[in-house]
Amino acid sequence: MGDDTGSARQSIALLLRRLTVELDAVGQRFAGIHGLGRTDVRALVTIMDAARRGQALTAGALGQAVELSSASVTALLDRLERVGHVRRVRSSDDRRRVVLEMSDTAMAAGAEFFGGLNRDLVAAMDAYSADELAVVRRFLEDMTEVITRHARAGD
């Protein structure tokens, strides 16, 4: 049983790697269409995900999330703001604090490009029970944590 389990785990690890390569290709295609770099897309996704969670994201928090220095984050945000994807706005909670918002046009571009993929992913999940989806969620959260730890291993 140990060999079968080990083989199954290795097979899943390879499938996970394949999934990340394919998702990266989708992100690269989006970046190419919109004249963005890989870090630009990572930043936009980070800002969008924070907004979906109802969390305000500062430039400093963005820098930590995408592993950029303060000066690099400033250049990144200047670039994204110049092309109309991001706005810096005063926080409604603390007017001294500046938070980041995605523009409506950036949200629309993302929805247009990724909407079909998202619909197909959700439809593919229809075959799974609530219990199976709970296991998949836990698995993906655990694997994301491992990958994040490895990505930041040099810190």
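Look up: the structure comes first, before these words.
Residues numbered from 1 in each chain as written. Predicted model: local features only at pLDDT ≥ 70, side-chain atom pairs only at ≥ 80, totals over all residues. Heavy atoms only, no water.

### Points about the overall build of the protein
Phase 1 of the analysis: Within the protein one finds six helices and two strands.
Phase 2 of the analysis: Mapped in sequence order, the helices and strands of the protein form the string α-α-α-α-β-β-α-α.
Phase 3 of the analysis: Counting only C-alpha atoms, the protein reaches 60 × 35 × 35 Å along its principal axes.
Phase 4 of the analysis: By the burial criterion, 21% of the 155 residues in the protein qualify as buried.
Phase 5 of the analysis: Summing over all exposed atoms, the protein offers an accessible surface of approximately 11,000 Å²; the carbon and sulfur share of this is 55%. (Helix = DSSP H or I, 4+ residues; strand = E, 2+ residues; numbered from the N terminus. Buried < 20%, exposed > 50% of the residue type's maximum accessible area, 1.4 Å probe, protein only. Areas by Shrake-Rupley, 256 points an atom, 1.4 Å probe, with all protein chains shown as cover.)

### Considering the packing of helix H2 (residues 38-52) against helix H4 (residues 70-82)
Phase 1 of the analysis: Viewed as axis vectors pointing N to C, H2 and H4 meet at an angle of 80 degrees, and their least axial separation amounts to 11 Å. In this view, H2 runs roughly perpendicular relative to H4, as classed from their interaxial angle. On H4, the residues touching Thr-39, Asp-40, Ala-43 and Leu-44 of H2 are Leu-76, Arg-79 and Leu-80.
Phase 2 of the analysis: Its residues assigned to classes, the contact of H2 with H4 comprises four nonpolar, one polar and two charged. (Axes fitted to C-alpha atoms, helices over the stretch in contact; angles between N-to-C directions. Parallel < 35°, antiparallel > 145°, perpendicular 65-115°, else oblique. Contact = heavy atoms within 4.5 Å. Nonpolar A, V, L, I, M, F, W, Y, C, P; charged D, E, K, R; others polar.)

### Some words on unusual backbone geometry
Phase 1 of the analysis: Its identity as a non-glycine residue notwithstanding, Glu-67 has a phi of 60 degrees, on the positive side.
Phase 2 of the analysis: As for its placement among the helices and strands, Glu-67 is situated in the loop between helix H3 (59-66) and H4.

### Examining the pattern of salt bridges
Phase 1 of the analysis: Summed over all chains, the structure comprises eight salt bridges.
Phase 2 of the analysis: Between Arg-18 and Glu-22 there is a salt bridge whose closest N-O contact spans 3.2 Å. Separated by four residues within a single helix, Arg-18 and Glu-22 lie in helix H1 (residues 2-34), roughly one turn from each other.
Phase 3 of the analysis: We classify Glu-22 as partly exposed; its relative accessible area is 36%. (Salt bridge = Lys/Arg side-chain N within 4 Å of Asp/Glu carboxyl O.)

### Looking at the nonpolar core
Phase 1 of the analysis: The biggest cluster of nonpolar side chains holds 20 residues, and the ones touching the most others in it are Leu-36, Ile-47, Leu-62, Leu-80 and Val-86.
Phase 2 of the analysis: Listed by contribution, the elements that provide at least two residues to this core are H1, H2, H3, H4 and strand E2 (98-102).
Phase 3 of the analysis: Considering every element that reaches this core, the biggest residue donor is H2, with six residues.
Phase 4 of the analysis: Not counting chain neighbours up to four residues away, the residues in contact with Leu-80 comprise Leu-36, Asp-40, Ala-43, Leu-44, His-85 and Val-86. (Core = buried A, V, L, I, M, F, W, Y, C linked by side-chain atoms within 4.5 Å.)

### Thoughts on a nonpolar patch on the surface
Phase 1 of the analysis: Judged by side-chain polarity, Leu-19, Leu-23, Leu-117, Leu-121, Val-122, Met-125, Tyr-128 and Leu-133 come together as a nonpolar surface patch covering roughly 670 Å² of accessible area.
Phase 2 of the analysis: Of all the secondary-structure elements, those providing two or more residues to the nonpolar patch are H1 and helix H5 (104-124).
Phase 3 of the analysis: A per-element tally of the nonpolar patch places H5 first, with three residues.
Phase 4 of the analysis: By relative accessible area, Leu-19 is classed as partly exposed at 42%. (Patch = residues over 30% accessible without salt bridge, like charges linked within 9 Å, V, L, I, M, F, W, Y side chains within 5 Å.)

### Let's talk about the packing of aromatic side chains
Phase 1 of the analysis: Enumeration according to the criterion identifies three aromatic pairs in this entry.
Phase 2 of the analysis: An angle of 45 degrees between the planes, with centres 5.1 Å apart, marks the rings of Phe-30 and Phe-114 as tilted. Taken together, the residues span a long stretch of sequence, with Phe-30 in helix H1 and Phe-114 in helix H5 at a distance of 84 residues.
Phase 3 of the analysis: For Phe-30, a relative accessible area of 6% corresponds to the buried category.
Phase 4 of the analysis: With a relative accessible area of 28%, Phe-114 lands in the partly exposed category.
Phase 5 of the analysis: Their ring planes at 75 degrees and their centres at 4.8 Å tell us that Phe-113 and Phe-114 sit as a pair that is edge-to-face.
Phase 6 of the analysis: Put simply, the rings of Phe-30, Phe-113 and Phe-114 touch in pairs and so form one group of aromatic residues. (Phe/Tyr/Trp six-rings, centres within 6.5 Å; stacked < 30°, edge-to-face > 60°.)

Remember that the coordinates give geometry; whether it matters functionally is a separate question.
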